[in-house]
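Descriptive structure summary
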Amino acid sequence: MTIEPFRAITISRLAHALKAEGRSVIHMEFGQPSTGAPAAAIAEAHRVLDADAMGYWESAPLKARIAKLHLDRYSVSVDPDRLLLTNGASPALVLALASRFQPGDRIAMARPGYVAYRNTVKALKMTPVEIACGPAEHYQLTAAALSALDPAPAGVIIASPANPTGSVIAPDEMAAIAAVCAARDIAVISDEIYHGLSYVGPQPSMLQFAPDSMVINSFSKYWSMAGWRLGWLLVPADHVETARAYIGNLFLTPPSLSQHAGLVAMDCVDELEGHIDTYRANRALILDALPSLGLKTIAPPDGAFYIWADIGHLTDDSVAFCEQLLRDTGVATAPGVDFDPVEGPHFMRFSFAVSTPQIEEALNRLRPWFAARAQEAQG
């Protein structure tokens, strides 16, 4: 199977090249916070660098703290032995798929959805089964859609809040999905990397409805530690030994330094909640500006930090559109074809995980540019 490139990376390369030429660039192409790790986590990293030679290591205190997070957030008791620490969410996805499924297995997922779901499934010689999810489905998988698949897939990847849409699955729908998966023997992988980043109230974990789910999370989003490459995979008790065999051979352990810092970051609540206040303000600014950009159809940004916008009235080539936008304005965005190979040429994604002044400047640049494109499209 062909593995398509992650085209937002191509856009980002161009953005950095333009910046090297002296251009002013605003990075809204990647789903990563522009803030760094919490201050106390950075201080702990400095301390550890002087005090610990480090090596291959799996932090028992960090695993215990992550287990406590599940209890505090979801009232779900988790044995720390079920937690495998990974080099971010991407290896956790590889680990979940490789250790649970076989080549040829069919794995269901939403379309639009995160580009690496489809391509990682393909790379492992499995078959992605993409389910079109539009406004009628709140841009999310539904129990009805999973019930209609014939034959039933071996697994399904759930993401709520989702990338690129920011949409969430309502608790009753999540319970219905869990029931369908149990009845049809569909293994669940729940990507909960955007938990903690919600504008519509706390989001449930799939564990509350399907305790045998494999759950992925990472320090990259809520904890603002994308470059530290630290995440985890929670697996069912009867799958621990198999998953450990895979992680030991494929990935060993995440960086010791990141584990030390991550443990401290988990208690930096006030600083981290301040980031969410910034995202909330940025979200409001963009939603208010959308009419002036002529972008009338968007996914509901319930969580995460994205706007998924229909640009079909302006282009049928989102890659060329985003590249020209960057060259003309210095605002880097992600082409929709990364996330949806069918409808994606007519969509784009903005990340608003930057500072509020950067959002304001980006909108100042975008308004005249979109107005000009709309005029051109009207002939």
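That block above? That's the structure.
Our subject in this report is the structure included herewith. Everything quoted here is computed from the prediction, not taken from an experiment. (Residues numbered from 1 in each chain as written. Predicted model: local features only at pLDDT ≥ 70, side-chain atom pairs only at ≥ 80, totals over all residues. Heavy atoms only, no water.)

Let us look at helix H9 (residues 256–265). Most of H9 is tucked away, with seven of its ten residues classed as buried. Among the residues making up H9, those that are buried are Ser 256, Ser 258, Gln 259, His 260, Ala 261, Gly 262 and Ala 265. (Buried < 20%, exposed > 50% of the residue type's maximum accessible area, 1.4 Å probe, protein only. Helix = DSSP H or I, 4+ residues; strand = E, 2+ residues; numbered from the N terminus.)

Attention now goes to the pattern of salt bridges. Here the idea is simple: oppositely charged side chains can pair when their charged atoms come close. Per the counting criterion, the structure on display carries 13 salt bridges. Residues Arg 111 and Asp 340 are paired through a salt bridge, measuring 3.0 Å at the closest nitrogen-oxygen approach. With Arg 111 in strand E3 (residues 106–111) and Asp 340 in the loop between strand E11 (334–335) and strand E12 (347–351), the pair connects residues that are 229 residues apart, well separated along the chain. Like Arg 111, the residue Asp 340 is buried in the burial classification. Ionic contacts of the salt-bridge type, sharing partners, join the residues Glu 4, Arg 7 and Asp 338 into one network. (Salt bridge = Lys/Arg side-chain N within 4 Å of Asp/Glu carboxyl O.)

So, on to the packing of aromatic side chains. Any pair of aromatic rings gets described here by the distance separating the centres and the angle formed by the planes. Counted by the stated rule, this structure contains 18 aromatic pairs. When the centroid spacing of 6.5 Å and the interplanar angle of 90 degrees are considered together, the rings of Phe 6 and Phe 339 count as edge-to-face. Taken as a pair, Phe 6 in the segment before helix H1 (7–20) and Phe 339 in the loop between E11 and E12 lie far apart in primary sequence, 333 residues in all. Taking 5.3 Å as the distance between ring centres and 70 degrees as the angle between the ring planes, the aromatic pair formed by Tyr 279 and Phe 305 counts as edge-to-face. Here Phe 305 lies in the loop between helix H10 (269–293) and strand E9 (306–310) and Tyr 279 lies in helix H10, a separation of 26 residues in the sequence. Grouping aromatic residues by their ring pairs yields a cluster made of Phe 6, Phe 30, Tyr 114, Tyr 117, Trp 308, Phe 339 and Phe 347. Across from the ring centre of Tyr 222, 5.5 Å away, lies the NZ or CZ of Arg 73, which sits over that ring. In this arrangement the basic side chain of Arg 373 is found over the ring face of Trp 369, its NZ or CZ atom lying 4.6 Å from the centre. (Phe/Tyr/Trp six-rings, centres within 6.5 Å; stacked < 30°, edge-to-face > 60°. Lys NZ or Arg CZ within 6 Å of the ring centre and 35° of its normal.)

It is a probe the size of a water molecule, rolled over the atoms, that shows where empty space is left. What the rule picks out here adds up to three cavities of 30 Å³ or more. There is about 90 Å³ of room inside the largest cavity. If you go around the largest cavity, you meet 14 residues; those closest to its centre are Ala 110, Gly 113, Tyr 117, Ala 159 and Ala 162. At the level of secondary structure, the elements contributing two or more residues to the lining of the largest cavity comprise E3 and strand E5 (155–159). The element contributing the most residues to the lining of the largest cavity is E5, with three residues. Partitioning the lining of the largest cavity into residue classes produces eleven nonpolar, three polar and no charged. If you add up the space inside the second largest cavity, you get close to 40 Å³. (1 Å grid on protein atoms, 1.4 Å probe; cavity = no way out; pocket = protein on both sides within 12 Å on 5 of 7 lines; lining within 4 Å. Points joined across faces, edges and corners; volume = space filled by probe spheres on them. Nonpolar A, V, L, I, M, F, W, Y, C, P; charged D, E, K, R; others polar.)

Read from one edge of the open sheet, seven strands run E2-E8-E7-E6-E5-E3-E4, paired in mixed fashion. The sheet is open, and its two borders are formed by strand E2 (83–86) and strand E4 (127–132), each paired with just one other strand. Taken over all neighbouring pairs, the strand axes of this sheet differ in orientation by 20 degrees on average, direction set aside. Direction of pairing for strand E7 (residues 214–218) relative to strand E8 (residues 231–234): antiparallel, over a ladder of four bridges. Each bridged residue has a counterpart across the sheet, and for Val 215 the counterpart in E8 is Leu 234. Each of E2, E3, E5, strand E6 (187–191), E7 and E8 touches helix H4 (residues 89–100); the most contacted strand, E7, lies at about 165 degrees to it. Across the face of the sheet, helix H5 (residues 115–123) comes into contact with E3, E4, E5 and E6 while running at roughly 155 degrees to E4. (Pairing = 2+ DSSP bridges. Axes fitted to C-alpha atoms, helices over the stretch in contact; angles between N-to-C directions. Contact = heavy atoms within 4.5 Å.)

Relative to the helices and strands, Thr 86 is located in strand E2. A polar contact of 2.7 Å, which involves the side chain of Thr 86, links it to the backbone oxygen of Gly 88. Discounting residues that sit within four places of it in the chain, Thr 86 has contacts with Pro 91, Ala 92, Leu 95, Arg 229, Leu 230, Gly 231, Trp 232, Leu 233, Ile 247 and Pro 254. (Polar contact = N/O pair within 3.5 Å; in protein donor to acceptor, adjacent residues only side chain to side chain.)

Attention shifts here to unusual backbone geometry. Residue Pro 112 is bonded to the preceding Arg 111 through a cis peptide linkage, with omega at 10 degrees. For the bond from Asn 163 to Pro 164, the omega torsion is 20 degrees, close enough to zero to count as cis. Inspection of the secondary structure assignment puts Pro 164 in the loop between E5 and helix H7 (171–184). Residue Ser 224 is not a glycine yet carries a positive backbone phi of 60 degrees. The topology assignment puts Ser 224 in the loop between E7 and E8. The phi angle at Arg 229 is positive, at roughly 50 degrees, despite the residue not being glycine. Mapped onto the secondary structure, Arg 229 falls in the loop between E7 and E8.

Purely spatial values, then, with no claim about function.
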